[in-house]
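Examining the three-dimensional arrangement
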Amino acid sequence: MGQTYLEQLQKGKGNRQVFCFPYLGGHSQSFQPLVSCLPDVEIWAFTPPGHGLNSEAPLSHMQQLVELYTGELLRVIQPGAVLLGHSLGGLAAYFVAQRLQEKLPDTARTLRLVLSACSTPSECGITRYDQMSDDDLIEHLFSYDGLPKELIHEKELLQYFMPVIRADFRVLTSAATIEHHPMYIPVLYLWGERDHAVSLPSALKWGQYLNTPMKLQTIREGTHMFIMHQPSTVAYHLTSFMTPELEGMNLVE
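Calculation criteria
- Residues numbered from 1 in each chain as written.
- Predicted model: local features only at pLDDT ≥ 70, side-chain atom pairs only at ≥ 80, totals over all residues.
- Heavy atoms only, no water.
- Patch = residues over 30% accessible without salt bridge, like charges linked within 9 Å, V, L, I, M, F, W, Y side chains within 5 Å.
- Areas by Shrake-Rupley, 256 points an atom, 1.4 Å probe, with all protein chains shown as cover.
- Salt bridge = Lys/Arg side-chain N within 4 Å of Asp/Glu carboxyl O.
- Buried < 20%, exposed > 50% of the residue type's maximum accessible area, 1.4 Å probe, protein only.
- 1 Å grid on protein atoms, 1.4 Å probe; cavity = no way out; pocket = protein on both sides within 12 Å on 5 of 7 lines; lining within 4 Å.
- Points joined across faces, edges and corners; volume = space filled by probe spheres on them.
- Helix = DSSP H or I, 4+ residues; strand = E, 2+ residues; numbered from the N terminus.
- Nonpolar A, V, L, I, M, F, W, Y, C, P; charged D, E, K, R; others polar.
- Pairing = 2+ DSSP bridges.

**Section: a nonpolar patch on the surface**
Nonpolar side chains collect at one region of the surface, where L157, Y160 and F161 lie side by side and expose about 330 Å² of accessible area between them. Assessed through its relative accessible area of 39%, F161 is described here as partly exposed.

Right, dumping it as structure tokens:
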């Protein structure tokens, strides 16, 4: 049996599907805190090569990741599904949604996209984090809550994960090289008001990548990794976005 990169974390009770795209260094189990806050939802999550229990070599370009994710989704995605991507995963989710418009146009027209704490593709090519020294890169990750503070003195453990972290940063940087076109798709953007990695002006630049208004939702006291620390808040806004009653949304043109 071949390697699978998409895992069903919860069967759910209805016909609502959520597909979770992991952040830098993340994998399917990274979304377990969110699963318990969405008991009725069918939830799937990706584990890219080299992450979690996957021992394959990590990918180094966003296009590779998008093709892998899209291929996995084609087997199980249903109309009305939600694509949820955090940080690096938000970029992947955006490009996968674009790819699905070519592969499954009828289904793609019914999808919803949730971008969480992610910069736009063009901004990702500005700073070459993958070329930093190990110490500088680790310091950068700690600066925006990208690594648990308990690991700050675990140098050997951090060194073990550096090849995957560097590969993910290369994937992030390569997002600037992928051709894109503004999409007609309902989009919710989740932004943490204490996010030191993605500023509010950066979040608002996503409007240039869409042909529809974007709902911007601020996560109060949220750091860059609010999806880990405030899963119930994320679940609340996600549930609201999945329902058809969207009156009263604060839309960003």
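**A closer look at empty space enclosed by the protein**
One pass over the structure, following the stated rule, counts two cavities of 30 Å³ or more. Taken as a whole, the largest cavity encloses approximately 80 Å³ of empty space. Going through the elements one at a time, helix 2 (62-73) and helix 7 (155-174) are the ones with two or more residues in the lining of the largest cavity. Here the residues of the lining of the largest cavity are counted per class, giving ten nonpolar, one polar and one charged. Of the volumes computed, that of the second largest cavity is approximately 40 Å³. Surrounding the second largest cavity, Y23, L24, S87, Y144, G146, H224 and M225 form its lining. When its residues are assigned to classes, the lining of the second largest cavity shows four nonpolar, three polar and no charged.

**With respect to the pairing of strand 3 (residues 42-46)**
The buried fraction of strand 3 amounts to five of the five residues, a majority that puts the element mostly inside the structure. Residue alternation in strand 3 divides its side chains into two sets, E42, W44 and F46 and I43 and A45, and both sets are buried. In the sheet, strand 1 (residues 6-10) pairs with strand 3 via four bridges, with the strands oriented antiparallel. Paired with Q10 across the two strands is I43, which belongs to strand 3. Note that strand 2 (residues 17-21) and strand 3 share four bridges and pair parallel. Bridging from a neighbouring strand, F19 pairs with W44 of strand 3.

By themselves, these are just geometric observations and shouldn't be taken as functional.
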